[in-house]
Amino acid sequence: MGNLFSSFAKIISILLMLLYSYGLFRNLSIDYREGKKKLSGLLYKILLLLHFISYAVLYFQTGNLFYIYFYLPQLLYFLLYPLIWKKLYPFYNEVLLNNQCLFLALGWILLARLQEAKAIKQFAVAMAASLLVLVIPYIVDKIWDFQKFRYIFAGIGIVSLLLVLVLGTVNFGAKMSVSLFGFRFQASEFVKLSFVFSIAGILSEEHGKEGVIHSACVAALHGIILVLCKDLGSALLLFISYVFMLYVARNQLLYLLAGGLVSALAGIVSYGLFSHVRTRVYAFIDPWRDMAGKGYQITQSLFAIGTGGFLGLGLFQGLPNKIPIVENDFIFSALSEEMGGVVAICLILICLSCFMQMMMMGRDMESSFYKLVALGLSVIYVIQVILTIGGAIKFVPSTGVTLPFMSYGGSSLISSFIVFALFQSLFIIQGQEDEVEMEEDAESAEEQEMESEEEDA
Amino acid sequence: MRREDSEEKKSRKGKEKNPENKINKQREKQTEGRQQAKRRREEAISETKLAMIRRKQNREMLGIVYLFALIFFAMIVYFCHFILFQAEDKMASPYNARIDYLAQKTVRGEIQTADGMVIAKTVTKEDGTESREYPGGAAFAHPVGYSVKGKTGIESLGNYYLTNSGINPLQKFMNEIENRKNPGDTLVTSLDADLQKLAYSLLDGRKGSIVCMEPSSGRILAMASAPSFDPNQLQENWDSLISEENTDGNLVNRATQGLYPPGSTFKLLMALEYIREHPTDWQDFSFKCKGEYVDPSNPANVVHCYNGEVHGTVNLESAIAQSCNSAFAFIGSEIDVNRLQSLAEDFYYNKDLSIGLPSKAGQFSLTADSPTWLKMQSGIGQGETLCSPLQNLCMVSAIANHGTLIYPTILSEVKSKEGTAVHHFPKGEEITLMSSSESDALKQFMRSVVTEGTASALKTKAYQVCGKTGSAQVKEGGKLKTNAWFVGFAPMDNPKLAVSVLVEDGDTGGKTAAPLARELFDLYLK
């Protein structure tokens, strides 16, 4: 009977995810404030149901009370957190927060299934991050003029990366993290943010060639240090987002094409220089030829996805733990294996919808600086998703970047929280401005009426 | 709009609410109005400029959104394509631990011959325990393999299909409710039951291998290896089968894993190379055989024809028909070895010829720098050259099929327990190994072997056989043994069956191996 319930739950989960994705895309065009309230209510209920069913399955499959104990605080979080946002910032973007909660829920479900200890740690960090980012909209509102600090941001980024280069520990062929006070701290996750702010500041404040040259220097410095750390994934992310920011800031298609050319060249050069790049490319081209060696990770990931098929094997019915580092880069494969390919596709679509929402918020910002910030952060987000999911399905060579909110990793989680909170800030501030405009329009309409009454009098 | 700060807001609101200022306000408002209009016109100009830039940026951002949406859709399409089309073949790999894990939920499927004989099945006893039975017994043991002490043979190759259940999903659902296992799919091989049984019985009491295939499709019709073992008693006999004292190699599939000097069967490749090196005048090849060939540069190097037989003047065709060692030792010493090596490697020497069963690659190590003695020996298929029976079969199969080898396959299709089609294995790859005029020439040579040469045992009015015998000498334990070969196909026009017979420690190919081939052709072609 346990298996029956599991199969039943699997079908329900697939339907819920389909409904969620459909809801998101159907309402993408609906005017902001009105439609979003209704939509987010529906999405929210779907999320809670999905979360509940999955944990029920986890419990019934193992009989382990841990899953009940772990479920309750999560439920509390999902019920309370949106209310806190609503109280503090009534103009927040409910749909964006829903998506964030969905990612968190799926992440916790999978991590709880894979490794209980890591799931707990991830949850704790998420709690801390959730509280921390509540102040971000306030800070953004208060300071507003971040362009002033553009070189400070650049400086912070470069110094942090230098610290990693000098003090960092080597993981999987690259220096990516520094151990501080017992915590492993992946600097590149945070440097992503300072980098975007810095470049956006430079390009919006300094017009013409001057801006291009200064921003190019900053980008190059970041890039070189990252390459020296052999963290090529992050270098790629920063470089591509710089190219797109340059393209939009200066309205020149040339930059985009030149950027593409340079990244192709960089790819070839890095292939020649770095052995672990060569390994990844071999593994990408034909992993089946060396299933025990270079191709091991990617073939295990493909086995998981392929055996799971579209409907999945069901939670605790597969062997996701056979994939090396499954909790990090390959959590998508675990999702696809047990919850099904359909759920995985829905996840991809939900990430796409997040990206579209982020870009829409960028479009609505009138300040050039914030437009670029929105653009930069969106591009980094979307490329990260493409690299991590694509790497797991052999669409692109694997690059060791994480899936935001779902992959296990404190720094990645915190930085994702910050990014989403920044977008909330933009949305909230825009909402407040719109309201002020509406009030002013209403007031001046009143005034004109009063005046015409007086004139008549 | 530029954001007002809170102070401006307060003062503006304060002014508007005071009623006594109304008249002054009106006058102020009029001048203000005119000034405002002017300001607005100025702002409008710079605003339109800004607005234009903003609109351009928004358009670019929209473009970027489309770009990434496109990439996402490509990724989703790739994902679906993988699951729908690629997954099946790849999932069958032994590196996929999930298969055995999932296998616990199904009753392992049957393996059948092409004509429906069941050669492996799982029987569930009353107490629920399952056991695997092999009705084909020792005759089918090597191709079928086993699945208890590790997995080999088709049991391993087809593991994924045997543990999958392709029955009606509704039925699967019912089974799940009633906690019954789903029945695994049936794997149909290309083996011909009667041919396989005959092949094995022909090897009775001897060591060797018989492999048969259909040249036009690459389907393996029989694969027998002796000595064999009883797969139904594998657990019981395991220790004695693998013990060091057992030198019979029962568990070795000699068809794919046995390496033997090809002997005179290699002369076919020597002839082919000669034709390629003398494209216009190979028909004029003429050699005076005196029963032995002496290396002009070193009289110590001598190769004798079998029993010292003198063949007189031979051309290429009669040299093959009579299997004249002298002629081919001569050719061996004169041929371009680099080209010969590359030809040999086309025919899977030094290369993997795997059909999913454990196999060993043939060996051709002759180089241009090798001593003349070795070249002479290699010319008659001795020296250091080694090949497997399957490899030799592929050689004649290519000749039979106008020069194109259809890569051998042993799996035909997969059906669910209910009989619905689940998967069809595609025909093997087509590999052109020689031109059809070259294959015609070789066919003609091989026909002469039967009509005028060493394989007279295969002369019959019922059908026309083309073949080549071989008697390869091996030194084993200080004694000289002869491995008897016969490779060939029939009928000559439109060949239906190609065979490769190897008997260890026999007489000549013509005396030991050819008669066995005769029985195979008699059965299959009648």
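Residues numbered from 1 in each chain as written. Chains lettered and ligands numbered in written order. Predicted model: local features only at pLDDT ≥ 70, side-chain atom pairs only at ≥ 80, totals over all residues. Heavy atoms only, no water.

## A look at the overall build of chain A
For step 1, the next point in the chain: The secondary structure content of chain A amounts to 17 helices and 3 strands.
For step 2, the next point in the chain: Taking 457 residues into account, the globule formula puts the C-alpha radius of gyration at 23 Å, and chain A, at 23 Å, falls close to it.
For step 3, the next point in the chain: Principal-axis analysis of the C-alpha atoms places the extent of chain A at approximately 90 × 55 × 40 Å.
For step 4, the next point in the chain: Per-residue burial over chain A gives 57% buried out of 457 residues.
For step 5, the next point in the chain: Pairs at least 24 apart in sequence give 75% of the contacts found in chain A among residues at least 6 apart.
For step 6, the next point in the chain: Summed over all atoms, the accessible surface of chain A reaches about 18,500 Å², with 68% contributed by carbon and sulfur.
For step 7, the next point in the chain: Charge centroids of chain A, computed over 29 positive and 35 negative side chains, lie 20 Å from each other. (Helix = DSSP H or I, 4+ residues; strand = E, 2+ residues; numbered from the N terminus. Rg over C-alpha atoms; globule rule 2.2 N^0.38 Å. Buried < 20%, exposed > 50% of the residue type's maximum accessible area, 1.4 Å probe, protein only. Contact = heavy atoms within 4.5 Å. Areas by Shrake-Rupley, 256 points an atom, 1.4 Å probe, with all protein chains shown as cover. Lys, Arg positive; Asp, Glu negative; His and termini not counted. Charge placed at Lys NZ, Arg CZ, Asp CG, Glu CD.)

## A word on a nonpolar patch on the surface
Residue and element names in this part refer to chain A.
For step 1, the next point in the chain: A surface patch of nonpolar side chains, amounting to about 540 Å² of accessible area, comprises Leu-76, Leu-79, Leu-80, Leu-83, Ile-84 and Leu-88.
For step 2, the next point in the chain: Mapping Leu-80 onto the fold places it in helix H3 (residues 66–88).
For step 3, the next point in the chain: Looking at Leu-80, the relative accessible area reads 44%, which means it is partly exposed. (Patch = residues over 30% accessible without salt bridge, like charges linked within 9 Å, V, L, I, M, F, W, Y side chains within 5 Å. Salt bridge = Lys/Arg side-chain N within 4 Å of Asp/Glu carboxyl O.)

## Some thoughts on the pattern of salt bridges
Residues and elements named next belong to chain A.
For step 1, the next point in the chain: Within the structure shown, the criterion is met by 16 salt bridges over all chains.
For step 2, the next point in the chain: Close ionic contact of Glu-338 with Arg-113 constitutes a salt bridge, the shortest N to O distance being 2.6 Å. A residue pair is termed long-range when its members are at least 10 positions apart, and Glu-338 in helix H14 (residues 331–339) and Arg-113 in helix H4 (residues 94–114) qualify at 225 residues.
For step 3, the next point in the chain: Classification of Glu-338 as buried rests on a relative accessible area of 1%.
For step 4, the next point in the chain: Taking the shortest distance from any N to any O, the salt bridge between Glu-189 and Lys-192 comes out at 2.9 Å.

## Some thoughts on the side chain of Thr-265 of chain B
Residues and elements named next belong to chain B.
For step 1, the next point in the chain: One can find Thr-265 in the loop between helix H10 (254–257) and helix H11 (267–277).
For step 2, the next point in the chain: Separated by 3.1 Å, the side chains of Thr-265 and Asn-392 make a polar contact.
For step 3, the next point in the chain: Setting aside anything within four residues of it in sequence, one finds Thr-265 in contact with Asn-392, Met-395, Lys-468, Thr-469, Gly-470, Trp-485 and Val-487. (Polar contact = N/O pair within 3.5 Å; in protein donor to acceptor, adjacent residues only side chain to side chain.)

## Overview of the domain arrangement of chain B
For step 1, the next point in the chain: Here the domain parsing of chain B yields domain 1 (58–86), domain 2 (97–189) and domain 3 (195–411 + 432–524).
For step 2, the next point in the chain: Averaged C-alpha coordinates put domain 1 of chain B and domain 3 of chain B at centres separated by 55 Å. (Domains from an automatic or database assignment.)

## Let's talk about the packing of helix H8 (residues 187–205) of chain A against helix H16 (residues 368–393) of chain A
Residues and elements named next belong to chain A.
For step 1, the next point in the chain: In the contact formed by H8 and H16, the axes pass within 8 Å of each other and the chain directions differ by 145°. In this structure, the crossing between H8 and H16 has a hand that is right-handed. Contacts between H8 and H16 involve Glu-189, Lys-192, Leu-193, Val-196, Phe-197, Ala-200, Gly-201, Leu-203 and Ser-204 from the first element and Ser-368, Phe-369, Leu-372, Val-373, Gly-376, Leu-377, Ile-380 and Gln-384 from the second.
For step 2, the next point in the chain: A class-by-class count of the residues in the contact of H8 with H16 yields 10 nonpolar, 5 polar and 2 charged. (Axes fitted to C-alpha atoms, helices over the stretch in contact; angles between N-to-C directions. Left-handed = near helix turned anticlockwise from the far one by under 90°. Nonpolar A, V, L, I, M, F, W, Y, C, P; charged D, E, K, R; others polar.)

## Remarks on the sheet that holds strand S7 (residues 208–214) of chain B
In a beta sheet, neighbouring strands are held together by backbone hydrogen bonds and run either parallel or antiparallel to one another.
Residues and elements named next belong to chain B.
For step 1, the next point in the chain: Taken in spatial order, the 5 strands line up as S8-S7-S19-S18-S17 in an open sheet, and their pairing is antiparallel. Where the open sheet ends on each side, the last strands, each with one partner, are strand S8 (219–226) and strand S17 (466–476). Across the sheet, the mean angle from the axis of one strand to that of its neighbour is 10°, orientation sign disregarded.
For step 2, the next point in the chain: With 6 bridges joining them, S7 and strand S19 (residues 497–503) adopt antiparallel strand pairing. Counted as the bridge partner of Ile-210 is Val-501 from S19.
For step 3, the next point in the chain: Lying over the sheet, helix H16 (residues 389–400) contacts S7, S8, strand S18 (479–490) and S19, oriented at roughly 150° with respect to S19.
For step 4, the next point in the chain: With respect to the sheet, helix H18 (residues 509–525) is in contact with S7, S8, S17, S18 and S19, its orientation differing from that of S18 by roughly 30°. (Pairing = 2+ DSSP bridges.)

## A short note on the nonpolar core
Soluble globular proteins: nonpolar side chains tend toward being buried together.
For step 1, the next point in the chain: Counting 291 residues, the largest nonpolar core has Phe-103 and Phe-417 of chain A together with Phe-486, Val-501, Leu-520 and Phe-521 of chain B as its most contacted members.
For step 2, the next point in the chain: Among the elements that take part in this core, H16 of chain A stands out by supplying 18 residues, more than any other.
For step 3, the next point in the chain: Apart from the residues lying within four places of it in its own chain, the contact partners of Leu-520 of chain B are Leu-195, Leu-198, Ala-199, Leu-202, Ile-210, Cys-212, Leu-497, Val-499 and Val-501 of chain B. (Core = buried A, V, L, I, M, F, W, Y, C linked by side-chain atoms within 4.5 Å.)

## Here's the deal with the interface of chain A and chain B
For step 1, the next point in the chain: Each side of the interface is counted separately: chain A has 68 residues, and chain B has 48 residues.
For step 2, the next point in the chain: Taking both sides of the interface into account, the surface hidden between chain A and chain B amounts to around 5,500 Å²; carbon and sulfur atoms contribute 69%.
For step 3, the next point in the chain: Summed over the three residues of chain A that lose the most area to chain B, namely Asn-251, Phe-303 and Phe-395 of chain A, the buried surface amounts to 10% of that side.
For step 4, the next point in the chain: Across the chain A-chain B interface, the total number found is 0 salt bridges.
For step 5, the next point in the chain: Put simply, chain A and chain B have 4 residue pairs in polar contact (both at pLDDT 80 or more) between them.
For step 6, the next point in the chain: If you list the elements that add at least two residues to the side of chain A that touches chain B, you get helix H1 (2–26), helix H10 (232–250), helix H13 (296–308), H14, helix H15 (341–364), H16 and helix H17 (410–456) of chain A.
For step 7, the next point in the chain: Ranked by residues supplied to the side of chain A that touches chain B, first place goes to H15 of chain A with 12 residues.
For step 8, the next point in the chain: By residue class, the composition of the side of chain A that touches chain B is 39 nonpolar, 14 polar and 15 charged. (Buried area = accessible area lost by both parts, 1.4 Å probe.)

## With respect to the pairing of strand S14 (residues 411–415) of chain B
All names here are of chain B.
For step 1, the next point in the chain: The pairing of strand S6 (residues 186–189) with S14 spans 4 bridges and is antiparallel. By the bridge assignment for S14, Thr-186 is matched with Lys-415.
For step 2, the next point in the chain: Note that S14 and strand S15 (residues 421–424) share 3 bridges and pair antiparallel. The partner of Val-414 across the bridge, within S15, is His-423.

## Observations regarding the UniProt feature "domain: Penicillin binding protein A dimerisation" (unreviewed entry) in chain B
For step 1, the next point in the chain: UniProt records the feature "domain: Penicillin binding protein A dimerisation" (unreviewed entry) for residues 108–184 of chain B in the present numbering.
For step 2, the next point in the chain: In the segment residues 108–184 of chain B, helix accounts for 29% and strand for 19%; the C-alpha atoms at its two ends are 5 Å apart. (UniProt positions renumbered as here; feature names shortened; annotations may be inferred.)

## Describing the sheet that holds S14 of chain B
Residue and element names in this part refer to chain B.
For step 1, the next point in the chain: The 6 strands lie next to each other as S4-S3-S2-S6-S14-S15, forming an open sheet whose pairing is mixed. The outermost strands of the open sheet, each flanked by one partner alone, are strand S4 (130–133) and S15.
For step 2, the next point in the chain: Two elements, strand S3 (residues 118–124) and S4, share 4 bridges in a ladder whose sense is antiparallel. Paired with Lys-121 across the two strands is Glu-133, which belongs to S4.

## Some thoughts on the state of the cysteines
Residues and elements named next belong to chain A.
For step 1, the next point in the chain: Under the criterion given, the structure shown has 0 disulfides over all chains.
For step 2, the next point in the chain: Here Cys-217 is not cross-linked by a disulfide; its sulfur's nearest cysteine counterpart is in Cys-229, at 20 Å.
For step 3, the next point in the chain: Unpaired in this structure, Cys-351 has its nearest cysteine sulfur neighbour in Cys-354, at a distance of 6.3 Å.
For step 4, the next point in the chain: Classification of Cys-351 as buried rests on a relative accessible area of 2%. (Disulfide = S-S within 2.5 Å.)

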